Amino acid sequence: MLKGKKILLGISGSIAAYKSATLVRLLVKAGAEVRVIMTPSSKNFITPLTLSTLSKNPVLSEIAEKDEWSNHVMLGRWADIMLIAPLSCNTLSKMAVGACDNLLMAVYLSATCPVAVAPAMDEDMWLHPSTKKNIATLEQYGNRVIPVDNGELASGLFGPGRMAEPENIISWLNNFFQLSQSLSGKKVLITAGPTYEPIDPVRFIGNHSTGKMGIALAESFRNRGAAVTLILGPSAHVPPTGIAVHHVQTAAQMMEEVNKVFNDTDIAVLSAAVADYKPENVAEQKIKKTSDELTLGLVKTDDILASLGKRKSGSQILVGFALETENEVGYAKQKLEKKNADFIVMNSIRDANAGFGYDTNKITIFHREGKQYDFETKSKKQVAEDIVTTIMQHS
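Everything in this summary refers to the structure shown in the same document.

## A short note on the nonpolar core
In this structure, Leu9, Leu27, Val36, Leu83 and Ile169 are the most contacted members of the largest nonpolar core, which totals 33 residues. Those elements that place two or more of their residues in this core are strand 1 (6-11), helix 1 (19-29), strand 2 (33-38), strand 5 (81-87), strand 6 (115-119) and helix 8 (166-180). The dominant element in this core, judged by the number of residues it contributes, is helix 8, at six residues. Not counting residues within four places of it along the chain, the set of residues in contact with Val36 comprises Leu9, Ile11, Val24, Leu51, Ser55, Pro58, Val59 and Leu60. In terms of nonpolar packing, the next biggest core, distinct from the first, is built from 30 residues, Val188, Met213, Ile215 and Val388 among them.

Given below as structure tokens:
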């Protein structure tokens, strides 16, 4: 899986940098093209000459050398993946807060490719609350974290914190690239965000959805090789590159865009929080406050999930979402059956740090064959991975 892959290897200041020579050799042996970036402190543990010889490419460590600029933007676009191994505690903290004081951090902050890290530090540092928080932050950003090993550490202690062995990192990369092609050729439709149903030119009926969950789903499907169309209601969040995005405002507009692509879709995931009702009449001018009361007549919007449930073919997979405040399981299962969906992803606003506006979510997935999958609270990017993996298990 690594033949022809472009690997950008970042090396930070850790005693584990001695493993980088073996890692580069194994990558090149597997047919990958490797370019290396070193932090200044990493040169205390391994020389650029060793890594340039093994990688067959010059090693970069400064933003400008000999009156030449190292184009950090293009480096992050060149690679199929950026791998930082070892990731020291210091570089981890910089990545978590976005500090940019060396070439490696400049490339990381500019990278459009996936980023993976292999941490390396002593046991007490690895277990420190600030380290755990920084690792969680990196995962929320969408970075992949290669698990640390247990074993003898530089301090002489035995415990967690060792960087994964080069052979294990190679296996991880092989699995990553295999997964990245698992949905190649599939067409995926995602709806996300709220809809705004106008009352007059300046007011609307809406909800607190931000679109974060749907955008994370679109990114996850894209990362697995699918061609993704994202139909996005009003949202302040910018979807990642490589996704066809159609912006809409109302439920009717979302329905119109869905109808354009659904027949040619393999998997449709309707995560948008579509308004159930809209004003019966929309005022042409701003409604003035001329009385103590204002009565709005509301009518139902189109039920996009139910509509697609009636139309879907046996080869299409249809996924709906259910955000509930009570009787969560009962309502979710009822929705699964009534809408003729294949999956319902349920979450409750009664769960802490879940639902609208949060970077985390807690879900349960129900499958039409009666299977139930329960997950703990995770970042929405990790939740998206769980949803995509569950769908793939049944496709």
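## Focus: unusual backbone geometry
Here the bond from Ala85 into Pro86 is cis, since omega is 5°, no more than 30 degrees from zero. Structurally, the position occupied by Pro86 is in strand 5. For Lys56, which is not glycine, the phi dihedral falls at a positive 65°. Among the structural elements, Lys56 can be located in the loop between helix 2 (48-55) and strand 3 (64-65). For Lys56, a relative accessible area of 64% corresponds to the exposed category. A positive phi angle, close to 45°, is found at Asn327, a residue other than glycine. Secondary-structure assignment places Asn327 in the loop between strand 18 (317-324) and helix 12 (328-338). Residue classification places Asn327 among the partly exposed positions, given a relative accessible area of 46%.

## Quick look at a nonpolar patch on the surface
A grouping of Tyr277, Leu294, Leu296 and Leu298 is seen on the molecular surface, where their side chains present a nonpolar patch of about 380 Å² in accessible area. Inspection of the secondary structure puts Leu294 in the loop between strand 16 (277-279) and strand 17 (298-300).

## Considerations on the sheet that holds strand 15 (residues 267-270)
Pairing is mixed in the open sheet, where eight strands are placed in the order 14-13-10-15-18-19-21-22. Edge positions in the sheet fall to strand 14 (244-247) and strand 22 (372-374), since each of these pairs with one other strand and no more. In this sheet, neighbouring strand axes are inclined to one another by 15° on average, regardless of whether the strands run parallel or antiparallel. Two elements, strand 10 (residues 187-192) and strand 13 (residues 227-232), share six bridges in a ladder whose sense is parallel. Directly across from Ala192, in strand 13, lies its bridge partner Leu232. Sitting on the sheet, helix 11 (residues 304-311) is in contact with strand 15, strand 18 and strand 19 (343-348), with an inclination near 155° to strand 18.

## A closer look at the packing of aromatic side chains
Any pair of aromatic rings gets described here by the distance separating the centres and the angle formed by the planes. Counted under the stated rule, the structure contains three aromatic pairs. Arranged with centres 5.6 Å apart and planes meeting at 5°, the rings of Trp172 and Phe176 form a pair that is stacked. Placement of the pair is Trp172 and Phe176 together in helix 8, with a separation of four residues, close to one helical turn. Ring geometry for Tyr196 against Phe204: centres 3.8 Å apart, planes inclined by 15°, an arrangement best described as stacked.

## Let's talk about the packing of helix 1 against helix 2
The N-to-C vectors of helix 1 and helix 2 enclose an angle of 10°; their axes lie 9 Å apart at closest approach. Taken together, the axes of helix 1 and helix 2 are roughly parallel relative to one another. The residues of helix 2 that touch helix 1, namely those facing Ser20, Ala21, Val24 and Val28, are Thr50, Leu51, Leu54 and Ser55. Taken together, the residues of the contact of helix 1 with helix 2 sort by class into five nonpolar, three polar and no charged.

## Some remarks on the environment of Met255
Within the secondary structure layout, Met255 lies in helix 10 (residues 251-261). Separated by 61 residues in the primary sequence, Met255 and Gln316 place their C-alpha atoms 18 Å from one another. Other than its neighbours up to four places away in sequence, Met255 contacts Asp302, Ile304 and Ser307.

## Details of helix 8
The end-to-end C-alpha distance of helix 8 is 21 Å, a good match for the 21 Å that 15 residues give at a rise of 1.5 Å each. Of the residues making up helix 8, those classed as buried are Pro166, Ile169, Ile170, Trp172, Leu173, Phe176, Phe177 and Ser180. Mapping the buried residues of helix 8 onto a view down its axis gives an arc of 160°, with all of them on the same face. Summarising the contacts, the buried residues of helix 8 are in contact with strand 1, helix 1, strand 5, strand 6, strand 7 (144-145) and helix 9 (212-223).

## Let's talk about the side chain of Glu197
Structurally, the position occupied by Glu197 is in strand 11 (residues 197-198). For the buried residue Glu197, which engages in no salt bridge, the nearest side chain bearing the opposite charge is Lys278, 5.9 Å off. Only 2.8 Å separates the side chain of Glu197 from the backbone nitrogen of Ala251, close enough to count as a polar contact. With residues near it in sequence (within four places) discarded, Glu197 still touches Phe204, Ile205, Thr250, Ala251, Ala275, Tyr277, Lys278, Pro279 and Thr301.

## Some points on the pairing of strand 6
For strand 6, the tally of buried residues reaches five of five residues, placing the bulk of the element in the interior. Residues of strand 6 alternate between two faces, with Val115, Val117 and Pro119 on one and Ala116 and Ala118 on the opposite face, all of them buried. Two strands pair when backbone bridges link them, and strand 6 and strand 7 are joined in this way by two bridges, in the parallel orientation. When the bridges of strand 7 are listed, Ala116 appears paired with Arg144.

Parameters at a glance
Residues numbered from 1 in each chain as written. Predicted model: local features only at pLDDT ≥ 70, side-chain atom pairs only at ≥ 80, totals over all residues. Heavy atoms only, no water. Core = buried A, V, L, I, M, F, W, Y, C linked by side-chain atoms within 4.5 Å. Buried < 20%, exposed > 50% of the residue type's maximum accessible area, 1.4 Å probe, protein only. Helix = DSSP H or I, 4+ residues; strand = E, 2+ residues; numbered from the N terminus. Contact = heavy atoms within 4.5 Å. Patch = residues over 30% accessible without salt bridge, like charges linked within 9 Å, V, L, I, M, F, W, Y side chains within 5 Å. Areas by Shrake-Rupley, 256 points an atom, 1.4 Å probe, with all protein chains shown as cover. Salt bridge = Lys/Arg side-chain N within 4 Å of Asp/Glu carboxyl O. Pairing = 2+ DSSP bridges. Axes fitted to C-alpha atoms, helices over the stretch in contact; angles between N-to-C directions. Phe/Tyr/Trp six-rings, centres within 6.5 Å; stacked < 30°, edge-to-face > 60°. Parallel < 35°, antiparallel > 145°, perpendicular 65-115°, else oblique. Nonpolar A, V, L, I, M, F, W, Y, C, P; charged D, E, K, R; others polar. Expected span 1.5 Å × (residues − 1). Arc of directions from axis to C-beta. Lys, Arg positive; Asp, Glu negative; His and termini not counted. Polar contact = N/O pair within 3.5 Å; in protein donor to acceptor, adjacent residues only side chain to side chain.

Honestly, that's just the spatial picture; any functional story needs more than this.
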